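# Coordinate analysis (summary)
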Amino acid sequence: MNPIPHRLRYALSACAVAGIRLTPDRRRFLEALASRSTPFVVEELVQSTSSTTGAHEVTCYRFLTALEEHGIVHRITLGQRRAVLLSCESIDYLVCRSCGVLVSVPEPPELKSWQRRLAETTGFQLGHHWHELEGVCPDCQQSAL
Ligand SMILES: [Zn+2]
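Residues numbered from 1 in each chain as written. Predicted model: local features only at pLDDT ≥ 70, side-chain atom pairs only at ≥ 80, totals over all residues.

### A few points about the overall build of the protein
Selection rule: What counts as a helix is a DSSP run of H or I of at least four residues, what counts as a strand is a run of E of at least two, and both are numbered from the N terminus. Neighbour counting defines burial: a residue surrounded by 20 or more other C-beta atoms within 10 Å of its own C-beta is buried, one with 12 or fewer is exposed, and intermediate counts give partly exposed, using backbone-placed C-beta atoms. Any residue pair is listed as a contact if its two C-beta atoms, each placed from the backbone, are within 7 Å.
Secondary structure assignment for the protein yields 6 helices and 6 strands. Along the protein, helices (α) and strands (β) appear in the sequence α-α-β-α-α-β-β-β-β-α-β-α when read from the amino end. Projected onto its principal axes, the C-alpha positions of the protein cover 50 × 45 × 30 Å. The buried share of the protein, taken over its 145 residues, is 19%. Within the protein, residue pairs in contact and separated by at least 24 positions form 52% of the contacts whose partners lie at least 6 positions apart.

### Description of the sheet that holds strand 5 (residues 102-104)
Where we set the bar: Note on pairing: DSSP must find at least two bridges between two strands before they are called paired. Note on definitions: angles span 0 to 180 degrees between N-to-C directions of axes, and those axes are lines fitted to C-alpha atoms, for helices only across the stretch in contact.
Taken together, 3 strands build an open sheet; the order of strands is 5-4-6 and the sheet is mixed. Of all the strands in the sheet, the pair left with one neighbour each is strand 5 and strand 6 (130-135). Ignoring strand direction, the axes of neighbouring strands in this sheet form an average angle of 25 degrees. Pairing between strand 4 (residues 91-96) and strand 6: 6 bridges, direction parallel.

### Some details on helix 2 (residues 24-34)
The criterion, for reference: By construction, the arc corresponds to the directions joining the helix axis to the C-beta atoms.
Inspection of helix 2 places R26, F29, L30, L33 and A34 among the buried residues, and these make up the whole buried set. Each buried residue of helix 2 sits inside an arc of 130 degrees when the element is viewed along its axis, so together they form one side. Taken together, the buried residues of helix 2 touch helix 1 (6-18), strand 1 (40-41), helix 3 (42-53), helix 4 (57-69) and strand 3 (81-86).

### Overview of the confidence of the model for the protein
Do not read the fine detail of predicted coordinates wherever pLDDT is low. Heads up, the rule is: For every residue, the predictor assigns a confidence score, pLDDT, that lies between 0 and 100.
In the predicted model, the protein carries a mean pLDDT of 89, and 97% of its residues have values of at least 70. Within the protein, helix 6 (residues 138-143) carries the highest mean pLDDT (95), whereas strand 2 (residues 73-78) carries the lowest (84).

### Some thoughts on the sheet that holds strand 1
Within the open sheet, the 3 strands sit side by side as 1-3-2. Their pairing is antiparallel. Both outer strands of the open sheet, strand 1 and strand 2, are each paired with one neighbouring strand and no more. Inspection of the sheet shows strand 1 paired to strand 3 by 2 bridges, in the antiparallel sense. Residue pairing across strands places F40 opposite V84, the latter belonging to strand 3.

### Overview of the pairing of strand 3
Here 6 bridges tie strand 2 to strand 3, and the two strands are oriented antiparallel to one another. Bridge assignment links L78 to a residue of strand 3, and that residue is R81.

### With respect to the domain arrangement of the protein
What counts here: Each domain span listed reflects an automatic or database assignment of domains.
Assigned domains within the protein: domain 1 (1-87) and domain 2 (90-145). The C-alpha centroid of domain 2 is placed 22 Å from the C-alpha centroid of domain 1. The interface is formed by 11 residues belonging to domain 1 together with 12 residues belonging to domain 2. Going through the elements one at a time, strand 2 and strand 3 are the ones with two or more residues in the side of domain 1 that touches domain 2.

Here it is in structure tokens:
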């Protein structure tokens, strides 16, 4: 038997702690969400889960809302679209304010030492972070010319 991947283990555990009941469809929704370390555009996630499980899209949206309300997923705005990712990992990304394209970028090496100093000076025990830098992607810059 394969071990449960880290992201799925987090999602299942967080749902149990939050008292969210897991149906087979909801578990498959979590499996799809946990299969990626990058944000998932909500409409794509819902449509793909709905088409593979047969779950009604409204049911998927309701489940996603419950996950958001319990902080199990982190919400990201990509232009006019909405994306989510599980709240169990840090991520640094660029997002285009024009088309909403999202590009994951590596965490700057000096960030860890800054976080360590910040924790020491504030007394905070730090969790995960989501750094979003908005701008205009190269394609949108070209099409604006
Ligand atoms: Zn763009």
